[in-house]
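# Structural overview
Chain by chain, the residues:
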Amino acid sequence: MKKIVVLSGAGMSAESGIGTFRDAGGLWEKYIIDDVATPDGFRRNPALVLDFYNQRRKQLVESKPNEGHLILAELENKYDIHIITQNVDNLHEQAGSTKVLHLHGELMKVRSTSASADVFELSNNNYEINLGDKCPKGYQLRPHIVWFGEEVPEIENAVDIVKTADILVVIGTSMQVYPAASLINYVKTTSTVYLIDPLDIEHLPTHVHVIKNIASKGLKEFVKMID
Ligand code: OAD
């Protein structure tokens, strides 16, 4: 079975109604990264950060996987599909994909701010955490998100997966955030690389086949190309 590795970003979930970060009108036009997505921001104003992620979870529980997520799940019938996602939503899993690695954490998980960093799962009915919400050992809970300036614990696993890809398909990421954006450099020289995005992505390696389209339509083109 051919191994297809997917590297997905915010554009993957755009058709589910979840806004991206850097497009016009994106989240980073409305919020200051340093305030809501850094350890310093959390120290300065934890209530603001917790509220920001409560809003993201509210949006997620009101969303569902789109056609693109479903196409990727369906492809598991014919290919060994591994998804490496920068997205913190769980729409790949909801669509039925079984091998999903979250590089930047997961919205529906929270963890203790103690050194043990115990992780807890939230539910669709009970997805908010607020100041004063503590783990059983009495430590404040925080989002299970990799903030800017924090280590990316899954990056080595992701590199190992990319190194074994026959096909790499990059979907809906501006490729501006590292180390995620560097993963494309780890493919074997014999593997084929596709990129699906409606906008031009800068500084791509020359061997990339660009499919200039939104995720669902681009994935349909991709499936025809590899069939
Ligand atoms: P960006 O917002 O930087 O990029 C989104 C990409 O999706 C852009 O290239 C868009 O052109 C593309 N796009 C928009 N609509 C699309 C659609 N319908 N189908 C396909 N592509 C579409 O998001 P990321 O690259 O994912 O990290 O951002 C990377 C990281 O930066 C995120 O994981 C997040 C953010 O800050 C953290 O919060 C730690």
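Check the entry above for the structure.
Predicted model, so just to flag it, every value in this text is computed and none were measured.

Right, let's talk about the site of the ligand for a bit. In the vicinity of the ligand, 24 residues are found, and the nearest of them are Phe21, Arg22, Thr173, Ser174 and Asp197. Note that a nitrogen atom of the ligand is positioned 3.2 Å from one of the backbone N or O atoms of Gly11. Within the side chain of Arg22, a nitrogen or oxygen atom sits 2.8 Å from an oxygen atom of the ligand. Taking 800 Å² as the accessible area of the ligand by itself, protein coverage stands at 94%. Counted by class, the shell around the ligand contains twelve nonpolar, eight polar and four charged residues. When we break the shell around the ligand down by domain, the ones giving at least three residues each are domain 1 (1–18 + 65–104 + 152–227) and domain 2 (19–62 + 106–145).

By size, the foremost hydrophobic cluster in this structure holds 25 residues, and its most contacted members are Val5, Ile84, Leu103, Leu168, Val170, Leu183 and Ile184. Of all elements in the fold, only strand E1 (3–8), helix H7 (155–163), strand E7 (167–171) and strand E8 (192–196) reach the threshold of two or more residues within this core. With five residues, the single largest contributor to this core is H7. What Val5 contacts, discounting residues up to four positions off in sequence, is His82, Ile84, Ile161, Val162, Ala165, Ile167, Leu168 and Val169.

In the structure shown here, the tally under the stated rule is seven aromatic pairs. Ring centres of Phe52 and Tyr53 lie 4.9 Å apart, and the angle between their planes is 90 degrees; this geometry places the pair in the edge-to-face category. In this pair, the class of Phe52 matches that of Tyr53, namely buried. The interplanar angle of 80 degrees and the centroid separation of 5.0 Å between the aromatic rings of Tyr194 and Phe222 together place this pair among those described as edge-to-face. On the criterion of sequence distance, the pair formed by Tyr194 in strand E8 and Phe222 in helix H8 (residues 215–226) is long-range, its members being 28 residues apart. Residue Phe222 is classed as buried on the basis of its relative accessible area, which comes to 0%. Through a chain of ring-to-ring contacts, three or more aromatic side chains come together here, namely Phe21, Trp28, Tyr31, Phe42, Phe52, Tyr53 and Trp147. Seen from the ring of Phe52, Arg56 lies directly overhead, with NZ or CZ sitting 4.6 Å from the centre. In this structure, Arg142 packs its charged tip against the face of Trp147, placed 3.9 Å from the ring centre.

Quick look at the pairing of strand E2 (residues 80–85) now. The buried fraction of E2 amounts to six of the six residues, a majority that puts the element mostly inside the structure. Burial along E2 is two-sided: Asp80, His82 and Ile84 and Ile81, Ile83 and Thr85, pointing in opposite directions, are all buried. Across six bridges, the pairing between E1 and E2 is parallel. Across the sheet, the residue bridging to Val5 is His82, located in E2. Bridge count for E2 against strand E3 (residues 100–102) is three bridges, and the pairing is parallel. Within E3, the position partnered with Thr85 by the bridge is His102.

Procedures and definitions
Residues numbered from 1 in each chain as written. Predicted model: local features only at pLDDT ≥ 70, side-chain atom pairs only at ≥ 80, totals over all residues. Heavy atoms only, no water. Near = heavy atom within 4 Å. Polar contact = N/O pair within 3.5 Å; in protein donor to acceptor, adjacent residues only side chain to side chain. Areas by Shrake-Rupley, 256 points an atom, 1.4 Å probe, with all protein chains shown as cover. Nonpolar A, V, L, I, M, F, W, Y, C, P; charged D, E, K, R; others polar. Domains from an automatic or database assignment. Core = buried A, V, L, I, M, F, W, Y, C linked by side-chain atoms within 4.5 Å. Buried < 20%, exposed > 50% of the residue type's maximum accessible area, 1.4 Å probe, protein only. Helix = DSSP H or I, 4+ residues; strand = E, 2+ residues; numbered from the N terminus. Contact = heavy atoms within 4.5 Å. Phe/Tyr/Trp six-rings, centres within 6.5 Å; stacked < 30°, edge-to-face > 60°. Lys NZ or Arg CZ within 6 Å of the ring centre and 35° of its normal. Pairing = 2+ DSSP bridges.

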